[in-house]
Amino acid sequence: MQIHTTDKPFNITKKQVYEAYKAVKSNAGSAGVDGQTIEQFDSDLRNNLYKLWNRKSSGSYFPPPVRAVSIPKKTAGQRILGVPTVADRVAQMVVKQLIEPDLDPIFLADSYGYRPRKSAHDAIGVTHKRCWKYDWVLEFDIKGLFDNIDHELLLRAVRRHVTCKWAALLYIERWLTAPMEHAEGLKAERTRGTPERGVVSPILANLFLHYTFDLWMTRTHPDLPWCRYADDGLVHCRNEQEAQALKAELQARLAECRLEMHPPRSLPSSGDEGVAAGPATAKPTAEAVVGAVQRDPEGLSDTDRACTRLALPSGPDQVTRQRSRMRESCTSGSVRGASTDRRLYSTLTPRELQRAMDRARTAALGELSRRGLASWAAPVRYENKAPAIVGIAV
């Protein structure tokens, strides 16, 4: 394919368009309002990409409406997703690949969602380590993030950080205001939000929350570690009073940025040992939760539970270090139930000890892999996992 370009107002090469197309094709996806699938787009690929390049580089590209797709929520009701056309996804990918090198370096290390070389497993790992140091957490979910992002505040951040002005001032604004077309053919104008299935939407949402939450949290509470994966977040606190106060502050901050937390939808009963906890069978759906950290997992034998307390979650390369840490903790009695652990370990051969650790690790990592970060961080005590975050909705 020829990659040479002619003089155009905007410097977009044919190679950039083609690389964007390959990325869109690898992600698959359904058709937009025009009904054109990726296979149909491929049938006249050269002409389709040329028209797209010609319009984008001349500034005459206007995105078509996004197709409204209704999917059921896990709790109740319907969730509306905005699906762009295949050609529009390629156009957005050109801009995403252009602005990502400018935006990703400014994001903080504890932001994990929709970022290259970061995953939910990374967020799980760092949160697990911090749960051994802090007894309380505030876990929250932002209500309808992609539907409620304020365009004025978002574009202010885009103009500050995106060096490519045509991308910042022209096409991003056009995508934000592209109408949504429903199945009946009705078009709805959009004055806020960005389509959740849009290619450029995740990085724009991350930029918005970078200012809304990440920098605010670092500035106002530099002593409290936090973790955010897209619109789900978790802050570690030292006690319940601190967590409750932070929850009130965060609600006010989100309101200031024209967002809100999901309201609580259910309330689990209190647990045992003085810990605020839901029963093992309860699955509360509250989205703003203050809860205690319970480090004693359920559903394992005494030996496997003792091993799980120190062995999870870590990679295979950390087995030796974790075994040393286990022995040191049992010798010093630095973990709850260490006297019981010491008795259990004294009856095990090195081979039996290793097998117990392997069983505990396999069970817990399998559970974490199936549930992902959002379920792992929910205020429920799950079996075969340590530490578990459990709490009472507030």
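Here the structure is a predicted model, which is why all the values come from computation and not from measurement.

So, the overall build of the protein
Alright, step 1. Counting its regular elements, the protein contains 14 helices and 10 strands.
Alright, step 2. For the protein, buried positions account for 52% of its 394 residues.
Alright, step 3. Sequence-distant contacts, at least 24 apart, represent 71% of the contacts inside the protein between residues at least 6 apart.
Alright, step 4. Surface accessibility of the protein: about 18700 Å² in total, with carbon and sulfur atoms responsible for 50%.

A short note on the confidence of the model for the protein
Alright, step 1. Considering every residue of the protein, the mean pLDDT works out to 75; 65% of them sit at 70 or more.
Alright, step 2. Per-element confidence in the protein is highest for helix α9 (residues 201–220), whose mean pLDDT is 96, and lowest for strand β10 (residues 392–393), whose mean pLDDT is 30.
Alright, step 3. Low pLDDT, under 50, characterises residues 1–5; the stretch is placed with 11 contacts to residues that sit more than four places away or in other chains.

Description of helix α10 (residues 240–256)
Alright, step 1. Under the 1.5 Å per step criterion, the end-to-end length of α10 is 25 Å for 17 residues, consistent within 8% with the ideal 24 Å.
Alright, step 2. Taken together, the buried positions of α10 are Glu242, Ala243, Leu246, Lys247, Leu250, Arg253 and Leu254. In an axial view of α10, the angular spread of the buried residues amounts to 135°, which keeps them on one side of the axis. Among the exposed residues of α10, those oriented more than 90 degrees off its buried face are Gln241, Ala255 and Glu256.
Alright, step 3. With a side-chain oxygen positioned 3.3 Å from the backbone nitrogen of glutamine 241, the residue opening α10 is asparagine 239.
Alright, step 4. Phi turns positive, to about 65°, at arginine 258, one or two residues after α10.

Here we look at the packing of aromatic side chains
Alright, step 1. Scanning all chains against the criterion turns up 10 aromatic pairs.
Alright, step 2. Aromatic pair tyrosine 114 and phenylalanine 146: ring centres 6.4 Å apart, planes at 75°, arrangement edge-to-face. Taken together, the positions of tyrosine 114 in the loop between α4 (86–103) and α5 (120–131) and phenylalanine 146 in helix α6 (residues 145–148) put the pair 32 residues apart, joining distant regions of the chain.
Alright, step 3. The exposure class assigned to tyrosine 114 is partly exposed, which follows from its relative accessible area of 40%.
Alright, step 4. Directly above the aromatic system of tryptophan 53 lies the positively charged group of lysine 8, at a separation of 5.5 Å from the ring centroid.
Alright, step 5. We note lysine 14 situated over the ring of tryptophan 53; from NZ or CZ to the ring centre the distance is 4.8 Å.

Let's talk about the pattern of salt bridges
Alright, step 1. Taken as a whole, this structure holds 12 salt bridges when the rule is applied.
Alright, step 2. The network of salt bridges with shared partners includes Asp223, Arg238 and Glu242.

Let's talk about the sheet that holds strand β2 (residues 78–83)
Strand pairing in a sheet relies on backbone hydrogen bonds, with the paired strands running either antiparallel or parallel.
Alright, step 1. Read from one edge of the open sheet, 4 strands run β2-β1-β4-β5, paired in mixed fashion. The open sheet terminates on both sides in strands that have one partner only, identified here as β2 and β5 (187–188).

Thoughts on the packing of helix α3 (residues 45–58) against α4
Alright, step 1. It is the contact of α3 with α4, at a shortest axis distance of 11 Å, that shows an interaxial angle of 50°. When the axes of α3 and α4 are compared, the pair comes out oblique. Pair α3 / α4 crosses with right-handed handedness. Judged by residue contacts, Leu49, Leu52 and Lys56 of α3 engage Ala87, Val90, Ala91, Val94 and Val95 from α4.
Alright, step 2. Classifying every residue of the contact of α3 with α4 by side-chain character gives 7 nonpolar, no polar and 1 charged.

Some words on the side chain of lysine 56
Alright, step 1. Relative to the assigned elements, lysine 56 resides in helix α3.
Alright, step 2. Here lysine 56 sits buried without a salt bridge, and the closest side chain of opposite charge, aspartate 88, lies 7.2 Å off (N-O distance).
Alright, step 3. In this structure, lysine 56 is in contact with Phe10, Ile12, Tyr61, Ala91, Val94, Val95, Trp166, Tyr171 and Trp175, ignoring residues within four places of it in sequence.

Reading the values: the criteria
Residues numbered from 1 in each chain as written. Predicted model: local features only at pLDDT ≥ 70, side-chain atom pairs only at ≥ 80, totals over all residues. Heavy atoms only, no water. Helix = DSSP H or I, 4+ residues; strand = E, 2+ residues; numbered from the N terminus. Buried < 20%, exposed > 50% of the residue type's maximum accessible area, 1.4 Å probe, protein only. Contact = heavy atoms within 4.5 Å. Areas by Shrake-Rupley, 256 points an atom, 1.4 Å probe, with all protein chains shown as cover. pLDDT = per-residue confidence, 0-100. Expected span 1.5 Å × (residues − 1). Arc of directions from axis to C-beta. Polar contact = N/O pair within 3.5 Å; in protein donor to acceptor, adjacent residues only side chain to side chain. Phe/Tyr/Trp six-rings, centres within 6.5 Å; stacked < 30°, edge-to-face > 60°. Lys NZ or Arg CZ within 6 Å of the ring centre and 35° of its normal. Salt bridge = Lys/Arg side-chain N within 4 Å of Asp/Glu carboxyl O. Pairing = 2+ DSSP bridges. Axes fitted to C-alpha atoms, helices over the stretch in contact; angles between N-to-C directions. Parallel < 35°, antiparallel > 145°, perpendicular 65-115°, else oblique. Left-handed = near helix turned anticlockwise from the far one by under 90°. Nonpolar A, V, L, I, M, F, W, Y, C, P; charged D, E, K, R; others polar. Lys, Arg positive; Asp, Glu negative; His and termini not counted.

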